[in-house]
Amino acid sequence: VVEARNRGGQSGSKLFRRNSFYAGGNGHLYAFHHGGRWEPQINLGFYSIPEWGRSAVRAGIGFNLSLSGADPEREAGQERVVAYYEAFQRLVSADWRQLLTDWMSANAGFLQYADRQPAVDMLPKDAVEWLVNNRNAIEQGWVFVGAWLFSDRPDHAETMEAPAKFLTWVEQTFADLLPLWTSVYRED
């Protein structure tokens, strides 16, 4: 990610900088790669929301399409991230459709959008179809696809509780999705 951004003329020497975690609301913390507010985000999120009935962690690619926050040049930034999202849709509809579907099937990959919990009831094929055909991403404000760990699944809880296993899971998820992220980022 850092290399791709540097080749694109952006600054940065680290994926995540110190103090790069943000509060996303009650029971939600998240981080995205340095410089990624108006880009496809390499995103990591932690949830402890009672309404969900379980804690969760996500790692993957997200698009923050909202105008919220105090970021400078928000309108231009939103236009930029919308262009990235549309490039993502084009890539997923063509070259990446089957690869992303297969990856989601093998890695507890789920879609998340707006302020909803992950769409665990949606099959990967349907989730990818939703990503390709979504025409109201700006109104939703947030679209994410990636791997999830849930505290009510013993194998997931074991990974969440073991720092080395958890770090390996995060690194593997980002490594798996990096080619797709890079393809989208180069579309700019």
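For the structure, see preceding data.
Conventions we followed
Residues numbered from 1 in each chain as written. Predicted model: local features only at pLDDT ≥ 70, side-chain atom pairs only at ≥ 80, totals over all residues. Heavy atoms only, no water. Salt bridge = Lys/Arg side-chain N within 4 Å of Asp/Glu carboxyl O. Helix = DSSP H or I, 4+ residues; strand = E, 2+ residues; numbered from the N terminus. Buried < 20%, exposed > 50% of the residue type's maximum accessible area, 1.4 Å probe, protein only. Core = buried A, V, L, I, M, F, W, Y, C linked by side-chain atoms within 4.5 Å. Contact = heavy atoms within 4.5 Å. 1 Å grid on protein atoms, 1.4 Å probe; cavity = no way out; pocket = protein on both sides within 12 Å on 5 of 7 lines; lining within 4 Å. Points joined across faces, edges and corners; volume = space filled by probe spheres on them. Nonpolar A, V, L, I, M, F, W, Y, C, P; charged D, E, K, R; others polar.

Caption draft 1: Representation of the pattern of salt bridges within the structure. Within this structure, the stated rule accounts for five salt bridges. Residue Arg54 pairs with Asp152 through a salt bridge whose shortest N-O separation is 3.1 Å. Taken together, the residues Arg54 in strand S4 (residues 54–64) and Asp152 in the loop between strand S6 (142–150) and helix H6 (154–161) connect sequence positions 98 residues apart. As a salt-bridge pair, Lys165 and Glu158 come within 2.5 Å of each other at their nearest N and O atoms. The exposure class assigned to Glu158 is partly exposed, which follows from its relative accessible area of 44%.

Caption draft 2: The arrangement of the nonpolar core in detail. Of all hydrophobic cores here, the largest spans 40 residues; its most connected members are Phe63, Tyr85, Phe88, Leu100, Leu131 and Val143. Counting only elements with at least two residues in this core, the list comes to strand S3 (41–49), S4, helix H2 (74–93), helix H3 (97–106), strand S5 (109–113), helix H4 (124–133), S6 and helix H7 (163–186). Excluding residues within four positions of it along the chain, Leu131 makes contact with Tyr85, Phe88, Gln89, Leu100, Leu111, Val143 and Val145. Core analysis: the second largest hydrophobic core is formed by nine residues, Phe110, Trp142, Phe144 and Phe150 among them.

Caption draft 3: Geometry of H4. Along H4, the residues classified as buried are Pro124, Ala127, Val128, Trp130, Leu131 and Val132. Buried residues belonging to H4 abut H2, H3, S5, helix H5 (137–140) and S6.

Caption draft 4: Up close: unusual backbone geometry. At Ala108, a position not held by glycine, the phi torsion is positive, near 50°. Here Ala114, not a glycine, exhibits a phi torsion of approximately 55°, which is positive. Its location among the elements puts Ala114 in the loop between S5 and H4. Residue Ala114 is classed as partly exposed on the basis of its relative accessible area of 24%.

Caption draft 5: Main features of the layout of surface pockets. Its volume calculated, the largest pocket comes out at about 490 Å³. Around the largest pocket sit 26 residues that line it, and Gly24, His28, Tyr30, Asn64 and Trp142 are the ones nearest its centre. Counting only elements with at least two residues in the lining of the largest pocket, the list comes to strand S1 (21–25), strand S2 (28–32), S3 and S4. Looking at the lining of the largest pocket residue by residue, the classes come out as nine nonpolar, 12 polar and five charged. In this model, the second largest pocket occupies a volume close to 160 Å³. Lining the second largest pocket we find Leu65, Val82, Tyr85, Glu86, Gln89, Arg90, Val132, Asn134, Arg135, Asn136, Ala137 and Ile138. When residues in the lining of the second largest pocket are grouped by element, the largest group, five residues, is from H2. Of the residues in the lining of the second largest pocket, the class split is six nonpolar, three polar and three charged.

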